[in-house]
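Fold and geometry: a report
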2 protein chains.
Amino acid sequence: MSVNRKKLIIEAATKSFSLFGYKATTMDQVAKIANVGKGTIYTFYANKEELFKEIVDNMIVEMEQEANDAINPELTFTENLHLTLYRLLEFRREHQLMIKLFQEEREIRTPAVLEIVEEIENAILSFIAQKIKIAIQKKYIKECDPELTAFLMLKMYITLIVDWERIRKPLNKEEIAELFDLYLFKGLSL
Amino acid sequence: MSVNRKKLIIEAATKSFSLFGYKATTMDQVAKIANVGKGTIYTFYANKEELFKEIVDNMIVEMEQEANDAINPELTFTENLHLTLYRLLEFRREHQLMIKLFQEEREIRTPAVLEIVEEIENAILSFIAQKIKIAIQKKYIKECDPELTAFLMLKMYITLIVDWERIRKPLNKEEIAELFDLYLFKGLSL
DNA sequence: CAATTGACCAAATGAACATTTCGGTCATTA
DNA sequence: TAATGACCGAAATGTTCATTTGGTCAATTG
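All of the points below concern the structure found in this document. (Residues numbered from 1 in each chain as written. Chains lettered and ligands numbered in written order. Predicted model: local features only at pLDDT ≥ 70, side-chain atom pairs only at ≥ 80, totals over all residues. Heavy atoms only, no water.)

This next bit is on the pattern of salt bridges. A full pass over the atoms with the stated rule returns 14 salt bridges over all chains. For K53(B), the salt bridge goes to D57(B), with nearest N and O atoms at 3.3 Å. Residue K53(B) and its partner D57(B) are located together in helix α4 (residues 48–70), separated by 4 residues, close to a single helical turn. The partner of R87(B) in a salt bridge is E66(B), with the nearest N and O atoms 3.2 Å apart. On the criterion of sequence distance, the pair formed by R87(B) in helix α5 (residues 77–94) and E66(B) in helix α4 is long-range, its members being 21 residues apart. You can call R87(B) partly exposed: its relative accessible area is 29%. When its relative accessible area of 26% is taken as the criterion, E66(B) is described as partly exposed. One network of salt bridges, with partners in common, ties together K53(A), D57(A) and E119(A). (Salt bridge = Lys/Arg side-chain N within 4 Å of Asp/Glu carboxyl O. Helix = DSSP H or I, 4+ residues; strand = E, 2+ residues; numbered from the N terminus. Buried < 20%, exposed > 50% of the residue type's maximum accessible area, 1.4 Å probe, protein only.)

Put into structure tokens, the structure is as follows:
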């Protein structure tokens, strides 16, 4: 074997999906970028969707590493949670593939992309839920449903960062941290 | 004047928009239901969109009455807030026009409907923001940005009722009240 | 004469058909 | 035996044309 063709294909596919999204990426294109015959792709992956899934799964693994790296054991749970979520959202903003996918999800609604975006959301959710479970065990926070809490946290974060930006001026890192802390942890009641 | 033609037109249009949505409602249809010449509609409204706006504005007024009726001065601010939001969401679920509009917003994306749905959301938001301002003044809750808080509350409520229902079993009225109270008012910190 | 009407028009819509694109196969090749 | 790219059919896309529909206005009505 002269070169690792599978690796070439993965690299080419990652590049193309990131640049053009799922729908606009053709198998011919991937084959061409990878300098590989189109049929070769089908010796490794049964179809376009499977190839896509491989690329996205790689990305999810990277995301989890990214998130874990953000955690600093010397800081409080709240601070760490915020750092982690923020890192994930920054990651999303930076990461070409992520951006293309979320765009494609709302604009084009390709079924394969809808499915995958849901998978990504689930990966993020179970990651957060995991951390919440530990926090409850260690009595850092009140007793609560970890999954529902994770869900609410993610939605709230997205609301603060993405949705609010659409109608008012965007909030910076510190403001978001403060608000997140006020609303979810301290609570509004006096 | 034998009959109030404007009233006939409003009733016919309300019926048709509620039943078929904005796009699927034709001016011929409205004229026919109202037993009125099509041209007569144009003596009262410049175009279809204006007629639509009249109908929706009526609905918003009804919604505000509905919400205000839900308020019971003997209950706490938190309880009242919950009752109000819940009533609004129930209202939305019950009200034909509201349902059709929200459907049309995500499925057909008629520009006129997108605009109007935004207007409805704004009406709800300023209503909540109003109540929050009073609550801050009266020291019922902590100092905070009323608009952002209203925005977050609405999104959180929708998350709990609509979004969560899509992935897990739906929450009932009491559960939602409890969660809303836990997360937003009491806070998670110990 | 003021209010009302519906035939009429231009623009938007969508059905039907033609054309192109693209995922996936497989006979051929190295 | 691994790799390839010409080829196939289905699905997406583009095109044409008949129908629908928002809006106008001359005729009509009371």
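What follows continues from the structure just given.
Let us look at the protein's contact with DNA strand C. What surrounds DNA strand C is a group of 13 residues, the closest being M27(A), K38(A), K48(A), R5(B) and T40(B). Among the atoms of DNA strand C close to the protein, meaning within 4 Å, 68% are from sugar or phosphate groups. The backbone of T25(A) places a nitrogen or oxygen atom 3.2 Å from a phosphate oxygen of DNA strand C. Here the element with the most residues in the surface near DNA strand C is helix α3 (residues 38–44) of chain B; it accounts for 3 residues. (Near = heavy atom within 4 Å. Polar contact = N/O pair within 3.5 Å; in protein donor to acceptor, adjacent residues only side chain to side chain.)

Let us now look at the protein's contact with DNA strand D. As a matter of local geometry, DNA strand D sits amid 14 residues, with R5(A), T40(A), M27(B), K38(B) and K48(B) nearest to it. Within 4 Å of the protein, the atoms of DNA strand D are drawn from sugar and phosphate moieties in a proportion of 68%. Take T25(B): an N or O atom from its main chain is 3.3 Å from a phosphate oxygen of DNA strand D. Within the side chain of Y42(B), one N or O atom sits 3.1 Å away from a phosphate oxygen of DNA strand D. Among the secondary structure elements, those contributing two or more residues to the surface near DNA strand D are α3 (38–44) of chain A together with α3 of chain B. Across the surface near DNA strand D, the residue classes tally to 3 nonpolar, 6 polar and 5 charged. (Nonpolar A, V, L, I, M, F, W, Y, C, P; charged D, E, K, R; others polar.)

This paragraph deals with the side chain of T25(B). Residues and elements named next belong to chain B. Here T25 shows up in the loop between α1 (5–20) and α2 (27–34). Judged by its relative accessible area of 1%, T25 falls in the buried class. Within the structure, T25 has its side chain in polar contact with the backbone oxygen of G21 (distance 2.7 Å). The residues contacting T25, other than those within four sequence positions of it, are S16, F17, F20, V30 and K48. (Contact = heavy atoms within 4.5 Å.)

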